[in-house]
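# Results of the structural survey
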There are 2 protein chains.
Amino acid sequence: MFSGWFARPTTVNHGHASKSFLHDFLDEMQAENIKHHLRKFTRLPHLAGSQQNLDLAKQIRAEWMEFGLDSVELVPYDMLLSYPNKTNPNYISIVDHLGNEIFNTSLAEPVPEGYEDVTDIVPPYSAFSAKGQPEDELVYVNYGRTEDFFKLERELGINCSGKIVIARYGKIFRGNKVKNAMLAGAKGIVLFSDPADYCADGVEPYPDGWNLPGGGAQRGNVLNLNGAGDPLTPGYPAKEYTYRSSLEDAVGLPKIPVHPIGYHDAVHLLHKVRMNIHTNNQVTRIYNVIGWIRGAVEPDRYVILGGHRDAWVFGGIDPVSGAAVVHESVRAAGKLMKKGWRPRRTLIFASWDAEEFGLLGSTEWAEDHARVLQERAVAYINADSAIEGMYTLRVDCTPSLHTLVYDITKKVSSPEDGEEGMTLYQSWHKRDNSTERDAPWISKLGSGSDFEAYFIRLGIASGRARYTKNRKTEHYSSYPVYHSVYETYEIVERFYDPSFRRLEAVARVRGGLIFSLADSPVLPLDCVEYAMSLTKYANSIYQLALKHPAAMEQYSVSFDSLFSAVENFTVAARDFHQRLDQLDTSNALAVRMVNDQLMYLERAFTDPLGLPGRPFYRHIIFAPSSHNKYAGESFPGIYDALFDIENAVDPQKAWDEVKRQISIAAFTVNTAAETLRPVVS
Amino acid sequence: MFSGWFARPTTVNHGHASKSFLHDFLDEMQAENIKHHLRKFTRLPHLAGSQQNLDLAKQIRAEWMEFGLDSVELVPYDMLLSYPNKTNPNYISIVDHLGNEIFNTSLAEPVPEGYEDVTDIVPPYSAFSAKGQPEDELVYVNYGRTEDFFKLERELGINCSGKIVIARYGKIFRGNKVKNAMLAGAKGIVLFSDPADYCADGVEPYPDGWNLPGGGAQRGNVLNLNGAGDPLTPGYPAKEYTYRSSLEDAVGLPKIPVHPIGYHDAVHLLHKVRMNIHTNNQVTRIYNVIGWIRGAVEPDRYVILGGHRDAWVFGGIDPVSGAAVVHESVRAAGKLMKKGWRPRRTLIFASWDAEEFGLLGSTEWAEDHARVLQERAVAYINADSAIEGMYTLRVDCTPSLHTLVYDITKKVSSPEDGEEGMTLYQSWHKRDNSTERDAPWISKLGSGSDFEAYFIRLGIASGRARYTKNRKTEHYSSYPVYHSVYETYEIVERFYDPSFRRLEAVARVRGGLIFSLADSPVLPLDCVEYAMSLTKYANSIYQLALKHPAAMEQYSVSFDSLFSAVENFTVAARDFHQRLDQLDTSNALAVRMVNDQLMYLERAFTDPLGLPGRPFYRHIIFAPSSHNKYAGESFPGIYDALFDIENAVDPQKAWDEVKRQISIAAFTVNTAAETLRPVVS
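Residues numbered from 1 in each chain as written. Chains lettered and ligands numbered in written order. Predicted model: local features only at pLDDT ≥ 70, side-chain atom pairs only at ≥ 80, totals over all residues. Heavy atoms only, no water.

### Quick look at the overall build of chain A
Across its full length, chain A holds 21 helices and 18 strands. In summary, chain A has a C-alpha radius of gyration of 25 Å against a globular reference of 26 Å for 681 residues, a match within 12%. Among the 681 residues that make up chain A, the fraction classed as buried is 67%. When contacts within chain A are restricted to residue pairs at least 6 apart in sequence, those whose partners lie at least 24 apart make up 80%. Working note: accessible area of chain A is about 23100 Å², and carbon and sulfur atoms make up 50% of it. (Helix = DSSP H or I, 4+ residues; strand = E, 2+ residues; numbered from the N terminus. Rg over C-alpha atoms; globule rule 2.2 N^0.38 Å. Buried < 20%, exposed > 50% of the residue type's maximum accessible area, 1.4 Å probe, protein only. Contact = heavy atoms within 4.5 Å. Areas by Shrake-Rupley, 256 points an atom, 1.4 Å probe, with all protein chains shown as cover.)

### With respect to the side chain of B:Asn288
Residues and elements named next belong to chain B. Tracing the backbone through its elements, the reader meets asparagine 288 in strand β11 (residues 280-293). Only 3.0 Å separates the side chain of asparagine 288 from the backbone oxygen of glycine 361, close enough to count as a polar contact. With residues near it in sequence (within four places) discarded, asparagine 288 still touches Glu73, Leu74, Val75, Tyr77, Ser351, Trp352, Asp353, Gly361, Ser362 and Trp365. (Polar contact = N/O pair within 3.5 Å; in protein donor to acceptor, adjacent residues only side chain to side chain.)

### Comments concerning the relation of the copies chain A and chain B
Both copies of the chain are related by a screw-like operation: a rotation about an axis and a shift along it. For these two chains of identical sequence, chain A goes onto chain B by a turn of 180° and a shift of 0.0 Å along the axis, with RMSD 0.0 Å. With respect to symmetry, the two chain copies, as superposed, fit the operation of a two-fold axis. Proximity to the rotation axis, assessed at the C-alpha, singles out A:Pro608 in chain A; its C-alpha lies 2.7 Å from the axis. Comparing contact sets, 100% of the residues at the interface of chain A also lie at the interface in chain B, consistent with an isologous, same-surface contact. (Least-squares fit on C-alpha atoms with pLDDT ≥ 70 in both.)

### What to know about unusual backbone geometry
Residues and elements named next belong to chain A. The residue after aspartate 318, namely proline 319, is reached through a cis peptide bond having omega 10°. Backbone geometry at asparagine 142 places phi at a positive 55°, although glycine is not the residue there. You can see asparagine 142 is positioned in the loop between β5 (135-140) and α4 (146-155). The phi torsion at histidine 483 lies on the positive side, around 65°, for a residue other than glycine. Examined against the element boundaries, histidine 483 turns out to sit in the loop between β16 (461-468) and α14 (489-496). What makes histidine 483 buried here is its relative accessible area of 3%.

### Here's the deal with the UniProt feature "domain: PA" (unreviewed entry) in chain A
As annotated by UniProt and renumbered to match this structure, "domain: PA" (unreviewed entry) occupies residues 137-223 of chain A. Note that residues 137-223 of chain A is 28% helix and 18% strand, and that its end C-alpha atoms are spaced 25 Å apart. (UniProt positions renumbered as here; feature names shortened; annotations may be inferred.)

### Some details on the sheet that holds strand β9 (residues 258-261) of chain B
Residues and elements named next belong to chain B. The strand order β3-β2-β10-β5-β6-β7-β9 describes an open sheet built from 7 strands, whose pairing is mixed. Each having just a single partner strand, β3 (101-104) and β9 make up the two edges of the open sheet. Averaged over all pairs of adjacent strands, the angle between their axes in this sheet comes to 35°, without regard to strand direction. Bridge count for strand β7 (residues 188-192) against β9 is 4 bridges, and the pairing is parallel. (Pairing = 2+ DSSP bridges. Axes fitted to C-alpha atoms, helices over the stretch in contact; angles between N-to-C directions.)

### Description of the packing of helix α16 (residues 527-545) of chain B against helix α18 (residues 560-581) of chain B
Residue and element names in this part refer to chain B. One way to put it is that α16 packs onto α18 with a least axis distance of 8 Å and a crossing angle of 170°. Taken together, α16 and α18 sit at an angle that is classed as roughly antiparallel. Like other packed secondary-structure pairs, α16 and α18 cross with a definite hand, here left-handed. Residues Cys527, Val528, Tyr530, Ala531, Leu534, Thr535, Ala538, Asn539, Ile541 and Tyr542 of α16 touch α18, and the partners they reach there are Leu562, Phe563, Val566, Phe569, Thr570, Ala573, Arg574, Phe576 and His577. Here the contact of α16 with α18 is composed, by residue class, of 14 nonpolar, 4 polar and 1 charged. (Parallel < 35°, antiparallel > 145°, perpendicular 65-115°, else oblique. Left-handed = near helix turned anticlockwise from the far one by under 90°. Nonpolar A, V, L, I, M, F, W, Y, C, P; charged D, E, K, R; others polar.)

### What to know about the pairing of β7(B)
All names here are of chain B. Counting buried positions over the 5 residues of β7 gives 5, a clear majority of the element. Neither face of β7 is exposed, since Gly188, Val190 and Phe192 on one face and Ile189 and Leu191 on the opposite face are all buried. Note: strand β6 (residues 164-168) against β7, 5 bridges, orientation parallel. Bridge pairing in β7 places alanine 167 opposite leucine 191. On the question of chirality, the crossover connecting β6 to the parallel β7 by way of helix α5 (residues 174-183) is right-handed. (Right-handed = clockwise from strand over helix to strand, strands pointing away.)

### Focus on the UniProt feature "domain: Transferrin receptor-like dimerisation" (unreviewed entry) in chain A
Listed under "domain: Transferrin receptor-like dimerisation" (unreviewed entry) in the UniProt record, and renumbered for this structure, are residues 557-677 of chain A. A helix fraction of 60% and a strand fraction of 9% characterise residues 557-677 of chain A, whose end C-alpha atoms lie 30 Å from each other.

### Section: the pairing of strand β17 (residues 622-625) of chain A
All names here are of chain A. Bridging between β17 and strand β18 (residues 628-634) involves 4 bridges; their strand directions are antiparallel. Bridge pairing in β18 places phenylalanine 622 opposite serine 634. With antiparallel pairing between neighbouring strands as the criterion, β17 and β18 make up a hairpin whose turn holds 2 residues.

### Regarding the pattern of salt bridges
All names here are of chain A. On inspection of all chains with the given rule, the structure shows 83 salt bridges over all chains. The partner of glutamate 504 in a salt bridge is arginine 508, and the shortest N-O contact between them spans 3.5 Å. Here arginine 508 and glutamate 504 lie together in helix α15 (residues 501-519), a separation of 4 residues that amounts to about one turn. Both residues of the pair, glutamate 504 and arginine 508, belong to the buried class. (Salt bridge = Lys/Arg side-chain N within 4 Å of Asp/Glu carboxyl O.)

### Points about the environment of A:Arg285
Residue and element names in this part refer to chain A. Mapped onto the secondary structure, arginine 285 falls in strand β11 (residues 280-293). With a relative accessible area of 33%, arginine 285 lands in the partly exposed category. Along the backbone, arginine 285 and aspartate 78 are 207 residues apart, and their C-alpha atoms lie at a distance of 4.3 Å. Contacts of arginine 285, omitting those with residues within four sequence positions, involve Gly49, Pro76, Tyr77, Asp78 and Glu240.

### Here we look at the sheet that holds strand β2 (residues 91-95) of chain A
Residues and elements named next belong to chain A. Here we have 7 strands laid out as an open sheet, ordered β3-β2-β10-β5-β6-β7-β9, and mixed in their pairing. Edge strands, defined here as strands with exactly one partner in the open sheet, are β3 (101-104) and β9 (258-261). Taking the axes of each pair of neighbouring strands and ignoring which way they run, one obtains an average angle of 35° across the sheet. The pairing of β2 with strand β10 (residues 272-276) spans 4 bridges and is classified as antiparallel. For tyrosine 91, the partnering residue across the bridge sits in β10 and is asparagine 276.

Okay, here's the thing in structure tokens:
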């Protein structure tokens with residue numbers, strides 16, 4: 001079915017005039033500068049809502065102005081955050097039969113060398129945990145996935161109701177674990193970092209290597225927001241005048257206590273335990289920094305580079321490796337402006353706050369400006385952690401960006417020792433070839449970072465790029481020190497990227513993307529790539545359904561409408577690009593019209609009614625699985641309807657829902673095809 | 001508060017080049033032609049879903065092609081309609097204590113002279129009634145409004161539960177009466193036309209005058225769709241492949257039998273009655289006719305003139321007086337094209353089907369093309385019945401169209417005898433001056449016709465115009481023969497508009513609006529008028545809340561954020577129009593950018609989350625009241641939250657909802673202001 005397609009040579013039009021500036025822009029971004037930015041922004045903890053993070057916001061604003069942006073503003077919101085009680089710490093105890101606490105978990109991680117005098121390191125906690133001191137036996141629930149609870153209940157006959165459960169981190173988003181524990185009736189949940197998931201083979205714990213020490217633990221929020229942003233103001237920005245719901249009506253808050261511990265503590269907990277959780281929810285002011293470069297020709301078209309600034313502690317990797325890269329991109333753009341350059345379209349740079357509390361700063365800004373973004377935003381490039389491994393590039397993006405990503409990586413050098421003269425594309429291709437065609441692997445966007453509201457709610461073409469581990473051989477979750485106090489400047493400088501050339505390469509990829517999107521006369525988006533991806537996704541969701549051949553027959557479930565819609569889209573996309581080849585690029589209105597079609601293509605895949613039960617996830621082609629926020633699923637409505645369908649209480653109803661979702665997907669793809677056809681019937 | 005504003009001389013830019021063509025276009029539309037179209041389209045009944053209405057669609061397609069449109073297509077949908085059972089008629093009986101039927105209501109209306117041989121006249125019925133033969137005493141519930149049921153239950157101590165109720169037509173949409181009856185627990189509802197509401201003083205019943213004869217009755221659907229379109233496919237077009245919900249899950253169907261009768265029958269029903277209702281719901285194919293004129297400069301900008309074609313019987317007034325006007329506009333446009341004219345933007349002409357069954361044809365087409373309409377539609381002008389009285393013009397439209405409406409009516413002559421040399425504006429002004437400023441009265445859009453999906457769901461600037469009665473002195477509901485078999489060609493020709501100059505005037509108003517919207521280089525939309533209207537609405541909703549001063553105090557209810565938002569909008573609108581005065585109209589991209597701002601202003605007032613419980617009503621400034629679909633309310637979210645608040649079970653919760661709605665309204669107005677500001681921060 002795919003033959004012929006993959007050999008197609010693709011190119012996108014970058015426009016001649018700006019090509020030399022693209023080269024200048026990429027060259028301007030330098031490893032040494034990124035190293036300097038990373039060092040500067042990781043000296044102190046800068047938790048969302050803290051004075052340090054406000055200070056950092058002001059510093060960034062000042063430096064972006066100095067670099068030469070047209071304007072930079074701090075944009076505050078007042079939203080629900082969550083902090084440990086400073087005088088009444090959280091911990092887990094083992095209690096004896098008299099209720100005496102005979103062992104308590106650590107109240108903090110051992111502080112790494114050089115940071116002994118730092119105050120305001122928030123201890124490991126699960127943000128937005130309920131308060132409480134439940135006490136009971138502990139039930140081990142593996143990763144706390146839906147299938148783990150099914151296995152416990154159905155195969156092992158273990159009932160979690162009324163118990164405290166302990167789940168290891170990894171595989172799925174921690175908020176999904178907490179939700180599953182609540183659904184199973186647990187009255188508390190302990191999360192721990194298992195060495196099997198947080199230590200790479202043959203690597204020493206930090207500071208001698210980059211593995212997680214036994215005393216380290218993973219912070220993180222445990223919300224189930226499904227894209228709602230601030231839990232008190234779903235759908236609307238958390239401004240001063242905004243109505244706030246009560247805590248009882250808030251979106252996504254867990255109803256049970258949750259707490260994370262390290263593996264040194266975890267080995268002790270084989271007894272009856274007591275959780276002591278005193279974490280407070282409080283409305284807190286946070287600050288996004290938003291910088292603008294006005295477009296010279298189409299100021300009302302926006303290209304956004306955004307990444308978060310807030311960190312659980314120092315944020316050496318998450319997020320400052322990314323924020324340092326954004327900073328360098330802003331500096332380079334400012335440098336070019338001093339040489340007389342100004343992009344065709346408007347560039348927006350964002351330093352988001354409170355990402356760690358549920359993508360809050362970015363979501364509130366998206367809510368605040370939803371209308372103009374919907375009308376004017378061309379693309380959103382995300383800039384969270386720029387590195388999570390030492391192997392090669394990783395890109396997740398919308399299919400229409402595939403070709404541009406390949407083009408840009410061909411203009412960037414490989415950062416790897418021994419690969420002098422090789423492009424990043426070649427190095428990446430060699431290390432991570434796609435199983436489907438002869439090109440580097442690019443994945444789907446899931447969630448878990450600030451692109452979520454822009455891509456999944458608003459339907460703005462989005463992408464992200466970072467340096468990563470070898471996904472075929474390195475099986476630990478995330479990177480070992482994730483969200484621990486050991487995410488320092490030094491871990492990057494000593495282990496992840498001593499030359500800072502990997503971060504430089506990521507800077508050039510992210511920077512090259514926004515440059516081309518902002519400056520090419522015709523938008524460098526490839527609709528035929530979208531068509532190819534849709535064909536692939538339709539086939540794979542069909543294969544998933546085919547696991548139930550008898551039911552498919554019994555309930556007359558057909559994917560014909562979806563395949564037909566994908567074919568319609570494929571024809572429309574091919575015809576569109578053929579017409580594009582004939583475009584008179586000297587006709588400003590004609591160029592604007594095709595650019596509008598390109599810009600609004602991603603929008604066409606969204607549905608204001610949202611996915612079932614998830615009104616803020618509006619993208620019909622891509623959304624996180626209901627069972628794991630981190631995993632991006634294609635045709636998520638159909639996927640969720642098929643998930644665990646053999647356990648459905650009412651199979652007729654369950655298969656009706658599958659059919660309804662197929663119909664919605666087919667309609668959405670057909671309607672997207674319509675947007676690419678000639679604008680008059 | 002308003003002083004100064006109303007004296008402002010407003011003009012909107014029509015562009016010089018097309019002015020002479022506007023004049024030609026208006027002149028081209030002639031009374032004699034409209035008369036001819038009306039005669040042609042009213043010979044036979046043409047109920048939605050009938051062969052006759054398909055034949056009529058084909059005829060219209062053929063004539064529109066002949067007139068010179070670029071393309072005309074029939075667009076079918078398969079949707080739930082409702083028809084009486086031909087072999088088992090509906091009627092109401094009086095039964096004696098043995099259950100014998102001692103009186104039955106008529107099975108049909110007496111057919112008017114000249115139509116005796118016509119077959120396929122559908123008898124009066126309530127489309128989508130439940131089937132059933134309930135039997136009980138009859139309780140008279142006046143108009144069946146919320147307040148009527150309250151009065152019965154609370155003041156008169158009459159419980160409707162388990163009873164059959166009888167309500168007179170008028171004041172509110174019949175579907176709301178049925179819903180109220182269901183909420184009161186009634187097991188059936190009879191609707192009747194009271195002479196007090198359907199006969200004008202001193203006027204004879206048809207055929208000697210234009211009043212409703214005693215044997216006439218009002219057909220109509222009794223759905224509560226709240227904008228959902230086809231009850232089986234809410235939110236999605238009813239195409240062949242579309243998933244259809246079961247009848248149990250359908251949107252808006254009444255659960256009780258409903259039947260309409262005339263006043264001759266009604267006087268008999270003072271006893272125990274039996275309803276005999278056998279109406280069938282069935283999925284039926286319907287056809288919209290869609291015609292296109294490709295825009296010369298901006299083909300991707302659409303101006304729509306749409307009105308329905310289906311009629312309950314002959315449709316002499318509803319809808320053919322409107323459809324004849326559309327036909328004449330198409331003919332005139334075709335004539336101009338033959339002279340070399342082509343509009344700057346694309347013109348779309350629509351002949352909708354199945355309006356009478358719940359605005360179904362127009363809503364499904366809006367659902368089918370929601371994405372492109374959202375991106376490309378500049379305005380929608382509705383063309384239902386062009387006449388409902390003999391007094392003066394009536395216009396309901398979005399505030400941004402006020403100025404254009406006034407401008408156009410100044411270019412049209414008064415159709416009234418004895419007003420030679422007077423413009424339509426002058427005649428209208430004299431007869432219906434606004435209470436708020438010295439200009440003719442223009443009202444808000446409610447619902448009840450095909451603009452609903454375009455305006456309230458999609459946020460496309462919309463308006464309607466027709467000839468009407470004297471609203472200060474003529475108090476009957478609608479026009480007397482509404483939805484009866486007596487809506488013939490002859491009633492228009494003999495009574496409503498013998499010279500057809502009133503319909504000609506309406507044709508020129510509707511035609512002038514679409515002409516100017518499609519052809520003016522800068523869109524003739526007035527944001528300052530919107531600001532003035534918002535100020536007025538904010539004041540009036542505040543006055544409504546002030547009826548509860550103690551509660552406002554107790555629950556700290558403030559409208560400050562709304563007033564502040566309206567002020568922000570007012571400043572932004574004024575500044576926008578000032579910048580517009582400086583616009584370099586020779587810069588094609590600059591013109592496009594401001595036009596985009598003008599086009600998307602109405603969109604900015606919509607919220608994808610919709611109004612509470614009404615997901616397809618997305619306009620935050622205008623929507624029908626929850627209590628009467630016909631009445632357009634401003635700030636409907638706040639209005640509904642305040643409705644009947646003194647009867648709230650939980651006042652704290654009820655006032656919290658008021659506060660939440662104020663916050664949403666303020667945010668929406670602020671965000672609309674943002675769309676008018678310079679496009680870069």
